[in-house]
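# Structural overview
Residues per chain, in single letters:
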Amino acid sequence: MSLPAAFHDIAKRVNNWGRWGDDDEIGALNLITEETVRGAAAAVRGGLRIPLALPLRQDGVQTGVIPGRVNPLHTMVQINQELFGPGTVATSDDMVTMGLQSATHWDALTHASHSGRLYNGRRADTITPHEGARFSGIDKAPPVVSRGVLLDVARAKGLDRLPGDHAVTPEDLDEAAEFGRLTVRGGDIVLVRTGQMQLFLGGDRHGYGYPSPGLSVRTPEWFHARDVAAVANDTLTFEIFPPEIENLWLPVHALHLVEMGMLQGQNWNLEALSTACAQEQRHTFLLSAMPEPFVGGTGTPVAPVAVL
């Protein structure tokens, strides 16, 4: 089934192809300038550091619903081995097998395609079995450090967690911005809290994934109008799942990654940040969310840290 005309209409309105040149591979990360980072540093007042990543463990958020996306499998390859003979210093080494998008992660711009195209009009078949993403792989991303903004949609509505069928709308984002007494500005990284992560933290791995609140297909225009550099949230699928429009699967992925060239983050633990922002009565901070530079990767694990 082809994508509906309504999708293509939105795509035209948010399209960033050529905005930073025909050879551009990083999209909206171009909006994070040195001036942006200086402004982000000014958001630090007390120095409180809040980690936003889930632990990397075998009983993580993946339940087998997404084919091939496996939780981290940790294996020891040497234990207290005296490499240079008896009585010498001993070392232990380990390795991990995991899906790059299996836990807290960024989706690279090449994670999604539609109509045979990737960001900036490149062909989808430039992703190959041996090279991965030849263009716009996650290794092309510059350091992702900017002002972070928490739009706490759940708390703004007086809820611990949004219902599973709630599509987060532009009106919800406006309400959360007003609740946080902030204005989203160009180069910001926006974190959208639904409270869905509480299910996973409480042990309900399947309930965490489905049904899930998430971003509405109407929100990409909201982010585009404000020149947001990247968006992450606290759900498995990022957008509402099942979709708000029947049989229109992952439209927000396609609009963000393909049309806008904007990174998406999923499975971010925003619970401690929500509490801290409420206590501090401010919802802006310095955010460091560096991608691991997997060459050709279509995603990457990330261990983000918010500094208030």
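Residues numbered from 1 in each chain as written. Predicted model: local features only at pLDDT ≥ 70, side-chain atom pairs only at ≥ 80, totals over all residues. Heavy atoms only, no water.

## Focus on the sheet that holds strand E1 (residues 49–51)
What the nine strands build is an open sheet, ordered E1-E15-E13-E7-E9-E11-E12-E4-E14; its pairing is mixed. Each end of this open sheet is capped by a strand with a single partner; those strands are E1 and strand E14 (299–301). Between one strand axis and the next, the sheet turns through 25° on average, direction left out of account. The sheet contact formed by strand E4 (residues 105–107) and E14 spans three bridges and is antiparallel. The partner of His-105 across the bridge, within E14, is Pro-301. Most of the contacts of helix H2 (residues 34–41) go to strand E7 (residues 145–152), to which it runs at about 60°, and overall it touches E7 and strand E13 (284–288). On top of the sheet, helix H9 (residues 271–280) reaches E1, E7, strand E9 (189–193), E13 and strand E15 (305–307); it is set at about 85° to E7, its chief contact. (Pairing = 2+ DSSP bridges. Helix = DSSP H or I, 4+ residues; strand = E, 2+ residues; numbered from the N terminus. Axes fitted to C-alpha atoms, helices over the stretch in contact; angles between N-to-C directions. Contact = heavy atoms within 4.5 Å.)

## Re the environment of Gly-116
With respect to the element layout, Gly-116 can be found in the loop between E4 and strand E5 (127–128). Separated by 28 residues in sequence, Gly-116 and Val-144 place their C-alpha atoms 28 Å apart. Residue contacts for Gly-116: discarding those within four places in its chain leaves Arg-122, Arg-123 and Ala-124.

## So, unusual backbone geometry
Generally, phi is negative for residues other than glycine and the peptide bonds are trans, each holding for most cases. Between Tyr-210 and the following residue, Pro-211, the backbone shows a cis peptide bond with an omega angle of -10°. In this structure, Pro-211 sits in the loop between helix H6 (205–209) and strand E10 (214–215). Note the cis peptide between Phe-241 and Pro-242, where omega equals 0°. Relative to the helices and strands, Pro-242 resides in the loop between strand E11 (230–233) and helix H8 (251–260). Although it is not a glycine, Asp-227 adopts a positive phi angle of roughly 55°. Inspection of the secondary structure assignment puts Asp-227 in the loop between helix H7 (220–225) and E11. In this structure, Gln-281 is a non-glycine residue whose phi angle is positive, near 60°. Examined against the element boundaries, Gln-281 turns out to sit in the loop between H9 and E13.

## Considerations on the layout of surface pockets
One number sums up the size of the largest pocket: a volume of about 610 Å³. If you go around the largest pocket, you meet 32 residues; those closest to its centre are Thr-237, Phe-241, Trp-249, Leu-250 and His-253. The residue makeup of the lining of the largest pocket, split by class, is 18 nonpolar, eleven polar and three charged. (1 Å grid on protein atoms, 1.4 Å probe; cavity = no way out; pocket = protein on both sides within 12 Å on 5 of 7 lines; lining within 4 Å. Points joined across faces, edges and corners; volume = space filled by probe spheres on them. Nonpolar A, V, L, I, M, F, W, Y, C, P; charged D, E, K, R; others polar.)

## Quick notes on helix H1 (residues 5–14)
The complete set of buried residues in H1 reads Phe-7, Ile-10, Ala-11 and Val-14. The buried residues of H1 occupy one face: seen down the axis, they fall within an arc of 105°. Opposite the packed face of H1, turned more than 90 degrees from it, sit the exposed residues Ala-5 and Lys-12. (Buried < 20%, exposed > 50% of the residue type's maximum accessible area, 1.4 Å probe, protein only. Arc of directions from axis to C-beta.)

## As for the pattern of salt bridges
Side-chain pairing between opposite charges can occur once the charged atoms of the two side chains come close. Scanning all chains against the criterion turns up 14 salt bridges. Linking Asp-152 and Arg-193 is a salt bridge whose minimum nitrogen-to-oxygen distance equals 2.7 Å. Taken together, the positions of Asp-152 in strand E7 and Arg-193 in strand E9 put the pair 41 residues apart, joining distant regions of the chain. Residue classification places Asp-152 among the buried positions, given a relative accessible area of 0%. With its nearest N and O atoms 3.0 Å apart, the salt bridge here joins Glu-271 to Arg-193. Here the residue Glu-271 occupies a position in helix H9, and Arg-193 occupies one in strand E9, the gap between them amounting to 78 residues. Classification of Arg-193 as buried rests on a relative accessible area of 3%. (Salt bridge = Lys/Arg side-chain N within 4 Å of Asp/Glu carboxyl O.)

## Concerning empty space enclosed by the protein
A complete count under the given rule lists five cavities of 30 Å³ or more for this structure. Put simply, the largest cavity is a space of about 60 Å³. Taken together, Glu-25, Ile-26, Leu-29, Ala-108, Leu-109, Ser-136, Gly-137, Ile-138, Lys-140, Ala-141 and Leu-263 make up the lining of the largest cavity. Among the residues making up the lining of the largest cavity, the classes are represented as seven nonpolar, two polar and two charged.

What is shown is where atoms sit, not what they do.
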